[in-house]
Amino acid sequence: MKRVTMLTVIGLIWATGSLASDVMRMAVTTSFHNSGLAEVLLPELRKDLDLEVQLLVVGTGQALKLGEAGDVDAILVHSKTAEEAFVESGYGTHRRQIMYNDFVFIGPSTDPAGLSDMETAVQSLQNIAEAEATFVSRGDDSGTHKKELSLWEDANLDPGSFDRWYNAVGAGMGAALNTASAMDAYILSDRASWLNFGNKGDLALLFSGDPVLFNQYAFLPVNPARHDHVKADLTDKLEDWLTSDRAKELIDSHTIDGETLFVFNAQPAD
Amino acid sequence: MVELWDGLAQAFWLVVTADSELVEIALRSLQVTLTALLVACLIAMPLAALLAVSRFRLRRVVIATLNALMGLPPVVVGLIVYVILSRSGPLGVLALLFTPTAMIIAQVIIVVPLIASIAHQSLRDLWQEYHDLLISMNVTQTQKMQTLLWDARRALLTATLAGFGRAIGEVGAIMIVGGNIDNATRVLTTAIALETGKGEFALALALGFVLIALTLLVNLCIHWLGKTEREGRW
Amino acid sequence: MSTLFPLQIHEAVTRRHGKTLVGPVSMTLDGRGVCVIIGPNGSGKTSFLRLLHGTARLHSGSILWSCSTEEARRRQSFVFQHPVMLRRSVLENLLYPMLIRGFRGKAAQAQAEAWAERTGLQDTLQRPASVLSGGEQQKLAIARALVTKPDVVFLDEPCASLDGRATREIETILTEIKAQGTGLVLSTHDMGQARRLAETAVFLLRGRVHETGNAAAFFNRPKTKAAQAFLNGDIVE
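Since the structure is predicted, the reported quantities are computational estimates derived from the model, not experimental observations.

Undergrad: So, the overall build of chain B: which residues are in play, and what are the values?
TA: Within chain B, the regular secondary structure consists of 10 helices and 0 strands. For chain B, the spread of C-alpha atoms along the principal axes amounts to about 65 × 50 × 30 Å. The buried share of chain B, taken over its 234 residues, is 46%. The contacts in chain B between residues at least 6 apart in sequence include a share of 78% that link residues at least 24 apart.

Undergrad: So what's going on with the overall build of chain C? Residues and values would help.
TA: The secondary structure content of chain C amounts to 9 helices and 9 strands. The C-alpha atoms of chain C give 18 Å as radius of gyration, which agrees with the globular expectation for 237 residues (18 Å, within 12%). For chain C, long-range pairs separated by at least 24 residues make up 67% of all intrachain contacts whose partners lie at least 6 apart in sequence.

Undergrad: Give me the lowdown on the environment of His120 of chain B, citing residues and values where you can.
TA: Along the chain, the position of His120 of chain B falls in helix α5 (residues 100-136). Separated by 98 residues in the primary sequence, His120 of chain B and Val218 of chain B have C-alpha atoms spaced 24 Å apart.

Undergrad: I'd love a proper account of the interface of chain C and chain B, names of residues and values included.
TA: Chain C puts 17 residues into the contact, and the matching count from chain B is 14 residues. Across the side of chain C that touches chain B, the residue classes break down as 8 nonpolar, 5 polar and 4 charged.

Undergrad: An account of the sheet that holds strand β1 (residues 7-16) of chain C is requested, with residue identities and associated values reported.
TA: Residue and element names in this part refer to chain C. Taken in spatial order, the 3 strands of this open sheet run β2-β1-β4, and their pairing is antiparallel. Looking at which strands have only one partner, the edges of the open sheet turn out to be β2 (19-29) and β4 (60-64). On average, each strand axis in the sheet is tilted by 25° relative to the strand beside it, whichever way the strands run. Sheet strands touched by helix α1 (residues 45-53): β1, β2 and β4. Its angle to β2, the strand with the most contacts, is close to 60°.

Undergrad: Summarise the sheet that holds strand β7 (residues 183-187) of chain C; cite the residues concerned and give the values.
TA: Residue and element names in this part refer to chain C. Reading across the sheet, the 6 strands line up as β5-β6-β7-β3-β8-β9 and stay open at both edges, with mixed pairing between neighbours. Of all the strands in the sheet, just β5 (76-79) and β9 (208-214) have a single pairing partner and so form its edges. The mean inter-strand angle of the sheet, taken between neighbouring strand axes irrespective of direction, is 15°. Where β5 and strand β6 (residues 152-156) come together, 4 bridges link them in parallel fashion. Pairing of Phe78 across the sheet is with Phe154, part of β6.

Undergrad: An account of the packing of helix α7 (residues 153-168) of chain B against helix α10 (residues 201-226) of chain B is requested, with residue identities and associated values reported.
TA: All names here are of chain B. The N-to-C vectors of α7 and α10 enclose an angle of 165°; their axes lie 11 Å apart at closest approach. The orientation of α7 with respect to α10, classified from their angle, is roughly antiparallel. Crossing handedness for the pair α7 and α10: right-handed. Here α7 contributes Arg154, Leu157, Leu161, Phe164, Gly165 and Ile168 to the contact with α10, which in turn contributes Thr215, Val218, Asn219, Ile222 and Gly226. Residue composition of the contact of α7 with α10, grouped by class: 6 nonpolar, 4 polar and 1 charged.

Undergrad: Let's hear about the nonpolar core: which residues, and what values?
TA: Among soluble globular proteins, nonpolar side chains are generally buried collectively. Grouped together as the largest cluster of nonpolar side chains are 144 residues, with contacts concentrated most on Ile75 of chain A together with Ala106, Ile115 and Val177 of chain B. Considering each element in turn, this core owes the most residues, 21 residues, to α5 of chain B. Summarising the domain contributions, this core has at least three residues from each of domain 1 (21-100 + 215-264) and domain 2 (103-213) of chain A. Contact partners of Ile75 of chain A, with chain neighbours within four places excluded, come to Met26, Ala27, Ala63, Leu64, Leu66, Gly67 and Leu220 of chain A. Of all hydrophobic cores here, the second largest spans 62 residues; its members include Trp65, Val152, Ile170 and Val209 of chain C.

Undergrad: Residues and numbers for the pairing of β1 of chain C, please.
TA: Residues and elements named next belong to chain C. Across 7 bridges, the pairing between β1 and β2 is antiparallel. Paired with Gln8 across the strands is Thr28, a residue of β2. Counted along the chain from β1 to the antiparallel partner β2, the turn is 2 residues long, and its residue His17 has a positive phi close to 50°. As paired elements, β1 and β4 share 4 bridges and run antiparallel to each other. Within β4, the position partnered with Val13 by the bridge is Ser60.

Undergrad: So what's going on with the interface of chain A and chain B? Which residues, and what values?
TA: Each side of the interface is counted separately: chain A has 25 residues, and chain B has 23 residues. Going through the elements one at a time, α1 (2-14), β2 (51-58) and α8 (173-183) of chain A are the ones with two or more residues in the side of chain A that touches chain B. Split by residue class, the side of chain A that touches chain B holds 10 nonpolar, 12 polar and 3 charged.

Undergrad: How would you explain the confidence of the model for chain B if you had to name every residue and give the values?
TA: Residues and elements named next belong to chain B. In the predicted model, chain B carries a mean pLDDT of 88, and 96% of its residues have values of at least 70. Per-element mean pLDDT across chain B ranges from 80 in helix α1 (residues 2-16) up to 94 in α5. Under a pLDDT of 50 for its full length, residues 229-234 has, in the predicted model, 8 contacts with residues more than four places off or in other chains.

Undergrad: Tell me about α7 of chain B, and please be specific about residues and values.
TA: Residues and elements named next belong to chain B. The terminal C-alpha atoms of α7 lie 22 Å apart, and with 16 residues this matches the ideal 22 Å at 1.5 Å per residue to within 8%. Taken together, the buried positions of α7 are Leu156, Ala159, Thr160, Gly163, Phe164, Ala167 and Ile168. End-on, the buried residues of α7 take up no more than an arc of 155°, which puts them together on one face. Against α2 (20-53), α5, α6 (141-151) and α10 lie the buried residues of α7.

Undergrad: Which residues make up helix α4 (residues 60-69) of chain A, and what values go with them?
TA: Residue and element names in this part refer to chain A. Across the 10 residues that make up α4, a large majority, 8, are buried. Buried within α4 are the following residues: Thr60, Ala63, Leu64, Lys65, Leu66, Gly67, Glu68 and Ala69. Those residues of α4 that are buried lie in contact with β1 (22-29), β2, β3 (74-77), α5 (80-88), α7 (143-154) and β9 (214-221). Trailing α4 by a residue or two, Gly70 shows a phi angle of about 80°, which is positive.

Undergrad: Which residues make up the arrangement of the chains, and what values do they have?
TA: Comparison of the 2 pairs of chains in contact shows the highest number of contacts for chains A and B. The two units chain A and chain C are non-contacting; their minimal C-alpha-C-alpha distance is 22 Å.

Undergrad: Residues and numbers for the pairing of strand β7 (residues 186-190) of chain A, please.
TA: All names here are of chain A. Within β7, 5 of the 5 residues are buried, leaving the element largely enclosed by the surrounding structure. Of the two faces of β7, both are covered, the one formed by Tyr186, Leu188 and Asp190 as well as the one formed by Ile187 and Ser189. Pairing geometry for strand β4 (residues 96-108) and β7, over 4 bridges, is antiparallel. In the strand pairing of β7, Phe105 is matched with Leu188. Relative to β7, strand β5 (residues 135-137) is paired through 2 bridges, and the arrangement is parallel. Following the sheet pairing, Phe135 is matched in β7 by Tyr186.

Undergrad: Tell me about unusual backbone geometry, and please be specific about residues and values.
TA: Phi is mostly negative for residues that are not glycine, and the peptide bonds are mostly trans. Residues and elements named next belong to chain B. Although it is not a glycine, Phe98 adopts a positive phi angle of roughly 65°. Along the polypeptide, Phe98 turns up in the loop between α4 (74-85) and α5. The phi dihedral of Asn138 falls on the positive side, at around 65°, and the residue is not glycine. For Asn138, the position within the fold is in the loop between α5 and α6.

What counts, and at which threshold
- Residue positions within a chain follow its written sequence, with the count starting from 1.
- Written order determines the labels here, with chains lettered from A and ligands numbered from 1.
- Only residues with pLDDT of at least 70 get local features here, since the model is predicted, and only at 80 or more are side-chain atom pairs given and counted; chain-wide, interface and lining totals rely on the full set of residues.
- Numbering of helices and strands starts at the N terminus; helices are DSSP runs of H or I of at least 4 residues and strands are runs of E of at least 2.
- Using C-beta atoms placed from the backbone, we call a residue buried if 20 or more other C-beta atoms fall within 10 Å of its own, exposed if 12 or fewer do, and partly exposed for counts in between.
- In this description, a residue-residue contact is defined by the distance between C-beta atoms placed from the backbone, which must lie within 7 Å.
- C-alpha atoms define the radius of gyration, and 2.2 Å times the number of residues to the power 0.38 defines the globule rule.
- For this scheme, ten residues count as nonpolar: Ala, Val, Leu, Ile, Met, Phe, Trp, Tyr, Cys and Pro. Four count as charged, namely Asp, Glu, Lys and Arg, and the remainder, Gly too, count as polar.
- Should DSSP find at least two bridges between two strands, the strands are regarded as paired.
- Structural elements are reduced to axes, namely lines fitted to C-alpha atoms, with helices fitted over the stretch in contact, and the angle between N-to-C directions of any two is expressed from 0 to 180 degrees.
- Comment on the angle field: the value is read as roughly parallel under 35 degrees, roughly antiparallel over 145, roughly perpendicular from 65 to 115, and oblique elsewhere.
- By definition, turning the near helix anticlockwise from the far helix through less than a right angle yields a left-handed crossing, and turning it clockwise yields a right-handed one.
- Think of a nonpolar core as buried Ala, Val, Leu, Ile, Met, Phe, Trp, Tyr and Cys residues, each tied to the set through C-beta atoms within 7 Å.
- These domain limits were set by an automatic method or by a database of domain assignments.
- The predictor reports its confidence for every residue as pLDDT, a score running from 0 up to 100.
- Take the residue count of a helix, subtract one, and multiply by 1.5 Å to get its expected span.
- Directions are taken from the helix axis to each C-beta atom, and the arc is the one they span.

Shown next, in the form of structure tokens:
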């Protein structure tokens, strides 16, 4: 009798799981996932195209690697130079801009480096370095990390020469925000991750709005010439949908705490 | 501290309302780990019995290796399995990366040394007890192994439960090879890692409590099953 | 009668860690009735039994049964001084020797129950063997050794750690199976037991057969001085 019960239970465990007819995989960045936009788009995709998109949430660096290895069918990331190199090396067929959001500077509400009075992102960083205020860097080769490094470069500063106040944690956006919260440190974050972050502690949004902080997301299908198992037909369908008016409406109307996160800027197909 | 209570309360509501997402990832956790455990036992138990009853040249090396592999860092296992199963890796054509099967493979590799080592210890002790009798009865090698495995089944249950504990609570390897894909490869531990990353400590804790409860439940079930044969204490 | 015997032992030697435990021994056993192995501690009684049974390594010489060694091995069994109980019920212990020979089902069950009956264990069938008393465990070990109807049974001091009553019960069982034609080779410290059971006596000293012969003659009039001293209760080494 007991055995029968157990077998039934095991059978039930095994009977779970059913999928849409078409399944494809896409690597996306943590910041995109943290925005909650995926939860809006994926169900609509399933409804409109009967397409299940499985998301691998990683940093931009790893997303590109997944595309190079052919372990995903497409990637959605935000690091223009790396993306162009990806297409140039033949790993992706092309790069299609979809939307942008922006990066923001987060820091302790006491704001020892005085970021809230700054005009530009470069000035903000120079102030942080001058005050030697504790700073947390993703340090994980992600799009956000690459953005941060290029900003330091614009400010004529070299993170390699910084003292102990500069902490490269080598972690995703959420984990890095957790660290910053614990250390009362400054950090560069995408707006979505910040708004959705549940452990703000004493941190506050101190600087934003500089056009240099705009963060362009692009869609890159993996090249089927390199990996013949890639589902090119599905990535085509997905690209058409992501650049359609329907997607525009969903993306532009997505908000957290009343704040708009993304601006749709895909160009219609030629 | 506040988060701890929030977590408990949230865990309570998730369970009481049978939150569909929770049920799904909890079932997937069980599905992956129980399958991995079954496969691991089918490998580890005969191996442990063989190591107990036979004397071949590399026996000590194998035992030492198994003992060392018990402490194998799951992340390393995950990486190795990842590289092998990647489309660009040697077994890429199987298209197993980022599937539950890949997670099962990683967990099998992680728990086989543990189960085999613990099982071997108890089988070795039993073999010392049985050695003279079984040799005298002229039983075959296979029969020796069968006899040891059957008569030591209670100790083997402990080994299995240890393996279950290690597998169900593992996150490093299955995160890498499973990819933590919603609706496909997300299990309790990777969901906890995800929520922690978002700073959602209360929800992460809630999932943690559910994981602990599930582990307890499975342990109790297995013990209850083991008691179906009333043979007293051995 | 069985075709196992005569058992011819020629210059047989067994060693362990370079030390000779038994041998060289040369003798012939006819397998009729009970052959008792006696001798002081360390004289090699256990090793001698194991050597004959085939579980101690034969380093030199030969031990030849009248049939093939494999067949001989199948038709004999061994009872240890300290009984080894399988962690199973009494019934399962009795079924085990038949099980490994592929003999199972109702007939095997009946045979096991018959032997439990004969050894007075019929009320303990479902209990774990490990909870039996010392005497019951040894009776179970003997029943288990007999359940496959062997032609010869080796017993290594089967009553060494048992009280008088258990010893008597076991001797009764042994006398019965001897009467049915099963050969018994038994080592013992108990000279009373040796006299009661033996047809043939083998006196071991320092790993060698010091004196052997008809039990009655041996116990009444041992030929060698060492045997005389041993039977008188003197210390012989």
